[in-house]
Amino acid sequence: MTAALEKPVKAPTFQGVSGRRKVVDKLATVLVTASVVVAIVPLLWVLYTVVSKGIGVVTSSTWWMNSQAGMTAFAAGGGAYHAIVGSLLQALVCAVISIPIGIFVAIYLVEYGGGTRLGKITTFMVDILTGVPSIVAALFIYALWVATLGFQRSGFAVSLALVLLMIPVIVRSTEEMLRIVPMDLREASYALGVPKWKTISAIVVPTALSGIVTGVLLSLARVMGETAPLLILVGYAQAMNFDMFSGFMGSLPGMMFDQTSAGAGANPVPTDRLWGAALTLVVLIAVLNVGARFIAKFFAPKKV
């Protein structure tokens, strides 16, 4: 009787981890870690190269306060003020157009489109735009804005090309943020008699706002480094130009291309300006990314 009581009622289901599974787990861990290292090392190398070669120019106050007006290719001096302002103006106009369109399209696809024909067509077109190269967007704007409508090549035309590149990124990121909002919040609002449009504007969008802001700023950082629209839709100017609708305009990618054409690599002056413009662009994009993190944290739903 005692021997029978000492026996377990049934055999334990957990038999331990076999040696083969342990080996496979360790191997997978090593492969994943190695992949991360392989991906990070080139990025750190690029960042170190840009910082080490451009820090000497960027630390000068002249770089941030002066333009290249009146400067020759091999004469030291001047700054990137005209290029910084030009890049920010083009990005600002692009953001003003892209952000509301991208967010409204995402809201339609998540909240209204569903399986409708228009929703499917919109999703398909967003997927197409996501893979369109920047030079194709620039050529389209040139054919429409310059060749067909007869407007000048300008900074505004560049912003229109960047809009085509920025909208699909905003739509995709906003769409994903709206989808992770729990359906219970919507249903609770509907149960209280709140209209659908007010539920979206007062509950759904504020809940996903932190992710939406992050996606918007990251998409803006992505388009700021595009060069093809600048080469096709506006010429590079060494002097300041605040007019978005006429005249050549400076920009950081345009400045890098200009200094490359002027003999960067063979002469130290354009070489320093080239690396300085590259580092300045990296700094601006880094500021946008850090700002995105802080804004996302600020708008994130407060935990009770």
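Because the structure is a prediction, the values reported are computed rather than measured.

Moving on: helix α2 (residues 19-58). With 40 residues, α2 extends 56 Å from end C-alpha to end C-alpha; this agrees with the ideal 58 Å at 1.5 Å per step. Of all the positions in α2, only Val 50, Gly 54, Val 57 and Val 58 are classed as buried.

What follows deals with empty space enclosed by the protein. Over the atoms, a rolled probe matching the size of one water molecule traces out where space is still vacant. Per the counting criterion, the structure on display carries one cavity of 30 Å³ or more. Taken as a whole, the largest cavity spans an internal volume of roughly 70 Å³. For the lining of the largest cavity, the elements supplying multiple residues, two or more each, are α4 (81-113) and α7 (155-179). Tallying contributions element by element places α4 first for the lining of the largest cavity, with three residues. Class assignment for the residues of the lining of the largest cavity results in seven nonpolar, three polar and one charged.

Below, the discussion takes up the nonpolar core. General note: in soluble globular proteins, nonpolar side chains tend to be found buried as a group. Of all hydrophobic cores here, the largest spans 59 residues; its most connected members are Met 166, Leu 178, Leu 233 and Leu 252. Of all the elements in the fold, those that place two or more residues in this core are α2, α4, α6 (134-148), α7, α9 (196-223), α10 (228-233), α11 (252-261) and α12 (268-299). If you tally residues by element for this core, the top one is α7, at 13 residues. Residues within four places of Met 166 in sequence aside, it is in contact with Cys 94, Ala 95, Ser 98, Ile 99, Val 216, Ser 219, Leu 220 and Val 223.

Right, let's talk about the environment of Ser 35 for a bit. Within the secondary structure, Ser 35 sits in helix α2. Of the residues examined, Ser 35 reaches a relative accessible area of 46% and is grouped as partly exposed. Measuring from C-alpha to C-alpha, the distance between Ser 35 and Gly 215 comes to 26 Å, with 180 residues separating the pair along the chain.

Taken as a whole and assessed by the stated rule, the structure comprises five salt bridges. In this structure, the salt-bridge partner of Arg 179 is Glu 175, at a minimum N-O distance of 2.7 Å. In this pair, Arg 179 and Glu 175 both sit in helix α7, four residues apart, roughly one turn of the helix. Residue class for Glu 175 comes out buried when judged on its relative accessible area of 5%. Within the structure, one salt-bridge network assembled from shared partners comprises Asp 127, Arg 172, Glu 175 and Arg 179.

Thresholds applied
Residues numbered from 1 in each chain as written. Predicted model: local features only at pLDDT ≥ 70, side-chain atom pairs only at ≥ 80, totals over all residues. Heavy atoms only, no water. Helix = DSSP H or I, 4+ residues; strand = E, 2+ residues; numbered from the N terminus. Expected span 1.5 Å × (residues − 1). Buried < 20%, exposed > 50% of the residue type's maximum accessible area, 1.4 Å probe, protein only. 1 Å grid on protein atoms, 1.4 Å probe; cavity = no way out; pocket = protein on both sides within 12 Å on 5 of 7 lines; lining within 4 Å. Points joined across faces, edges and corners; volume = space filled by probe spheres on them. Nonpolar A, V, L, I, M, F, W, Y, C, P; charged D, E, K, R; others polar. Core = buried A, V, L, I, M, F, W, Y, C linked by side-chain atoms within 4.5 Å. Contact = heavy atoms within 4.5 Å. Salt bridge = Lys/Arg side-chain N within 4 Å of Asp/Glu carboxyl O.

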